[in-house]
Each structure stands twice: as structure tokens, then as C-alpha cells.
Amino acid sequence: QLQNKILILTICAAGIGGTFQYGYNISIINAPTSYIQTFMNETWLERTGVPLESNVILLLWSFTVSAYPLGGLTGAVVAGPMAIMLGRKMSLLLNNVFVIIAAVLSGFSQMAKSFEMIMLSRFFTGVNAGVSMNIQPMYLAESAPKKLRGAVALTSASFTALGLVLGQVVGLRELLGGEESWPFLLASNVVPALIQLMALPWLPESPRYLLIDRGDKESCISALQKLRGNSDLSAELEEMLAEQAALKGQRAKNPWELFQNPALRWQLMSIVVLSSAMQLCGNDSMYFYAAYVFQEAGIPQDKIPYVVIGTGTCELITSVTCNMIIDYAGRRPLLLGGYSFMAGWAIVFMVALSHQTQISWMPYLSMACIFAYILSFGIGPAGVTGVLPTEIFDQMSRPAAYMICGSLLWFNLFLVGTAFPFIVKSLAHFCYVPFLVVCVCTALYVGFFLPETKGKSFLEISEEFKKLNFKAQTHAVFYKGPEEIKSTML
């Protein structure tokens, strides 16, 4: 299938400095929590002669943690204009500047005796993640051949999971998670950035961007030849030229223009529902619970970090599996299955938590639930959500769609991060009820309203949605005989 090394290299080069950074930077901040809090206290004591109160330390810490999603939100908003003006590849390359600034800030924060530098560095790291999570799936899906489009764009999710696991591993006490070495741990995100800066410049820009946005047919053909090797390009070029003709005279749209356009009503609904659900389904909160549940299950305190690596590995394994099956199984079954299973596990998890102390084997059940929940998330929602905006929007709406998608993703990450401790406080064992509701509603939405996009050209997908958006006007004749039905929509 993948005779072409260039496509694989493009995937790896885009991934290592792209969504890999998102996963990596989420998990490296967990290991040095207590050391950074101590550092904040000592710094303050040196400056003012008064130690900080514990609730102030907690507040400063939550500022440090939430600087990341705020940076991500900023990144998601600038990603659209960047992708249009600079192109997909150039944007990814320039994006590394943010990480390099962040690494310098956090690496020298201890020497400079400034915890504000850590907060700033988390903000810049967030900007980098926000940009790459929007541009990388767009760049890869536009560069991939139609039959591999899902799998190639989905590698974004695999790189996120890989980043999570590696961040957990590097954060172990034996490596960089010790008290002396936390500034190096926080600055280690500069390594993937340097790898990308060395590798990506040699690889081609997105052929679709070159042809449709730039109108540069020769560069597009040369990029396609690099990506496809010796295979016949005529059909693919024809399809792109048809899309170019369909979009003739249009310019790249702004996010608010998408909301005003009735022809994009269902596409917008779909990405709003799915990107919100991705953060509001409680998957990240499972990691929050993991350490507590493992402790209850009788795993010794010093062994817990190793078991937590298991949860990250779970997500990695499923997203790689999902890569292999997405272009066979299709997008809908994976999303539907993922959210339905998560809803089921959420119920079991709450039952297990409430009987944690009464029944001896309950902690093991809740442990199994954590793994099962993360597996269900990895098999569908984790990856498919990032692929959809590329498939259901045309070239001119795509960057704006990713801006909306990314902004929602980061805003909800911020929301869940801030609200979850309070949800746990007020609902105790039933803290998963809100997540359960989200999973059930999303599964229903996917089941009833989302068309399948597997193996269709971008124009065919636009036609599918046209039928949905203008259902009232086009209720007449669709039936042309059994061969020609391409839609499963009712």
C-alpha cells in the first residue's frame, strides 16, 4: 500500500513537531508538580521574606496549568490565517519558534528565580500545540491519496498518544522527573522542534493548497509526483481541478462567515458537537482519577507512575489500531462505537466508585474501567474528530472550520480542567454523570445525522451535505437505481 517513502516521511516530520508536542507537553507537567510548587514558595520567600499560603500556591499552580489551554486557544485562532497566508508546511515550521521560546523560558526559570517564566513558557507551549493541532491534520489529509486519507490524517492522534506516553516516561524520577532536573524536563520539548526543523523543509507542501489556494499547477504536480511516486496522477489531478473550478472566484472564508452560510449548517453542527464532545466526554479526567484508583487497588505509591504509563500506552495502542481500520470500518461506526462504549463504562465506573470500600474486588473493577474508557476513547473519538473538518469542508472553508474546531477544543479543555475538581467535590461518586450525558447525546447525534465520508472525494462529500442542508427543497427524486446510491442517510 505505502510504496512511497516520502508520504511516510511527511507524516513523521509533521507529527513529531506537531501533535506529538501536544501530548508530550500535557504529560510532562504532571511529574514536577510538587517541585515547582516548592520553587514558587521559595522564590516568593526570597523576594518578600513571607512564605505563600497553601491556597495561594494552589492558585498560582492552577494559573500555570491553565496557561496551556489559553495558549492553545490563541494558537487555534491564529492557525487559520497562518495556513492561508503562509501555506500548511511553512506554518508548521514557523510554529516551532513558540516552543523554542518556551523551552528557553522554562529551562532558565530556576536560574533566574522566576516562576512567572514557567507560566509564560506554558502559554507559548500552548500556542504551539494550538497551531499544530489545526494545521497538521489539514496538511496531511490534503497530501494523502483518497483511499488512505483517513488513516494518514489520523496519525495526528497517534502522535498525540505517543507524546503522552513519552512525556510520562521522561517524567519518571529515574530520568528527568527528579527534584534537580525539572527545568530540563520542561525544556525537553525543544528536541522534537529541532527534529522537525531539520526534516520538514525537504518535504513537499500540500498539493491541494498549491493548486486551489495558490493557483500554481506546476508546483502542485511536482508535489504530487514526490508524494505518489510513479503512480498515475491523472484521476487525482482531475478531481482537484474540478474542486478548483467549483471554488473559482471564492476567497478563503472567515469563521463567522461559516455561521452565516445555510449551505454549511450541518457541517458546522457536526464539528461543534464532535469537538466539544471530545473534551467534555471525561477522557482526560480519567487520568486525573487514575492515581487515586490505583492507590485504592493496593498498588504501592512508588509504583503508580509506572501503571499510569500503562494508561497512556492504552491510548497509543488503540489510536494505532484505529489508523489501520478507519479506511475499512468508516468514520461513523468508530465514533458511534466509541461514545456508546464510553457511556457504558461510565455507568460501571460510577457503580464501582460508590462500592469501592464495601466490596474487596471493586477497586480492580474501577481500574479495569479506566483502561476500558481510555481504550474506547482511543478507538474512535480521539482520532476521527480531527479528520472530519478536513473531509466535510471545502478548501476555502477548511482553515476557518479548523479555527472553530480548535477554539472549542481548547475552551472546553480549559472548562473541564477548571470545573472538574468542583464536580468531584459536589457529586462525589457520581462525578461522571455529566460526562455520561455528553457521551449518550453525541452517540445519538452521530447515529442519526452524520453521513459516512469513507472513500469519497471532497466533492462527493459536499453533495451529501447539500442534501442534508437543503432537505426541504430537494425532497423529490433521489432514487436512480441500486448502483448509484452512495449515501446511507435517511
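For clarity, every value in this text was computed on a predicted model and none was experimentally measured.

Asks: How would you summarise the packing of aromatic side chains if you had to cite specific residues and measurements?
Replies: Summed over the entire model, instances satisfying the criterion amount to 13 aromatic pairs. With a centroid separation of 5.4 Å and an interplanar angle of 80 degrees, the aromatic rings of Y22 and W410 are classed as edge-to-face. Residue Y22 is located in helix α2 (residues 19-28), and its partner W410 is located in helix α21 (residues 398-427); the two are separated by 388 residues in the primary sequence. A centroid spacing of 5.4 Å and a plane angle of 45 degrees characterise the contact between Y445 and F449, whose relative ring orientation is tilted.

Asks: Before we move on, could you go through the domain arrangement of the chain and cite the residues and values that matter?
Replies: Domain assignment breaks the chain into domain 1 (1-203) and domain 2 (252-471). If you average the C-alpha positions of domain 1 and of domain 2, the two centres end up 21 Å apart. Facing the 42 residues of domain 1 at the interface are 45 residues of domain 2. For the pair domain 1 and domain 2, the summed buried area comes to about 3400 Å², and 69% of that belongs to carbon and sulfur atoms. When residues of domain 1 are sorted by the area they lose upon contact with domain 2, R149, L154 and Q168 head the list and together hold 17% of the total. Seen at the junction of domain 1 and domain 2, the total is 2 salt bridges. Here E391 and R149 are joined by a salt bridge, their closest N and O atoms 2.9 Å apart. Our count for the contact surface shared by domain 1 and domain 2 stands at 8 residue pairs in polar contact (both at pLDDT 80 or more). When contributions to the side of domain 1 that touches domain 2 are tallied by element, the ones reaching two or more residues are α4 (54-85), α7 (116-143) and α8 (149-170). It is α8 that provides the largest number of residues to the side of domain 1 that touches domain 2, a total of 14 residues. Across the side of domain 1 that touches domain 2, the residue classes tally to 25 nonpolar, 10 polar and 7 charged.

Asks: Mind laying out a negative patch on the surface, listing which residues take part and the relevant values?
Replies: A cluster of acidic side chains, namely E42, E46, E179 and E180, defines a negative patch on the protein surface. Locating E179 in the fold gives a position in the loop between α8 and α9 (182-187). Judged by relative accessible area, which is 48%, E179 ranks as partly exposed.

Asks: So what's going on with the nonpolar core? Residues and values would help.
Replies: Ranked by size, the top nonpolar core spans 76 residues in total, and within it Y339 and Y432 carry the most contacts. Counting residues per element, this core draws most heavily on α21, at 10 residues. Looking at which domains feed residues into this core, each of domain 1 (1-203) and domain 2 (252-471) supplies at least three. Judged by nonpolar contacts, the second largest core, of 42 residues, contains A79, A83, L140 and L203.

Basis of the calculations
- Residues numbered from 1 in each chain as written.
- Predicted model: local features only at pLDDT ≥ 70, side-chain atom pairs only at ≥ 80, totals over all residues.
- Heavy atoms only, no water.
- Phe/Tyr/Trp six-rings, centres within 6.5 Å; stacked < 30°, edge-to-face > 60°.
- Helix = DSSP H or I, 4+ residues; strand = E, 2+ residues; numbered from the N terminus.
- Domains from an automatic or database assignment.
- Contact = heavy atoms within 4.5 Å.
- Buried area = accessible area lost by both parts, 1.4 Å probe.
- Salt bridge = Lys/Arg side-chain N within 4 Å of Asp/Glu carboxyl O.
- Polar contact = N/O pair within 3.5 Å; in protein donor to acceptor, adjacent residues only side chain to side chain.
- Nonpolar A, V, L, I, M, F, W, Y, C, P; charged D, E, K, R; others polar.
- Patch = residues over 30% accessible without salt bridge, like charges linked within 9 Å, V, L, I, M, F, W, Y side chains within 5 Å.
- Areas by Shrake-Rupley, 256 points an atom, 1.4 Å probe, with all protein chains shown as cover.
- Lys, Arg positive; Asp, Glu negative; His and termini not counted.
- Charge placed at Lys NZ, Arg CZ, Asp CG, Glu CD.
- Buried < 20%, exposed > 50% of the residue type's maximum accessible area, 1.4 Å probe, protein only.
- Core = buried A, V, L, I, M, F, W, Y, C linked by side-chain atoms within 4.5 Å.

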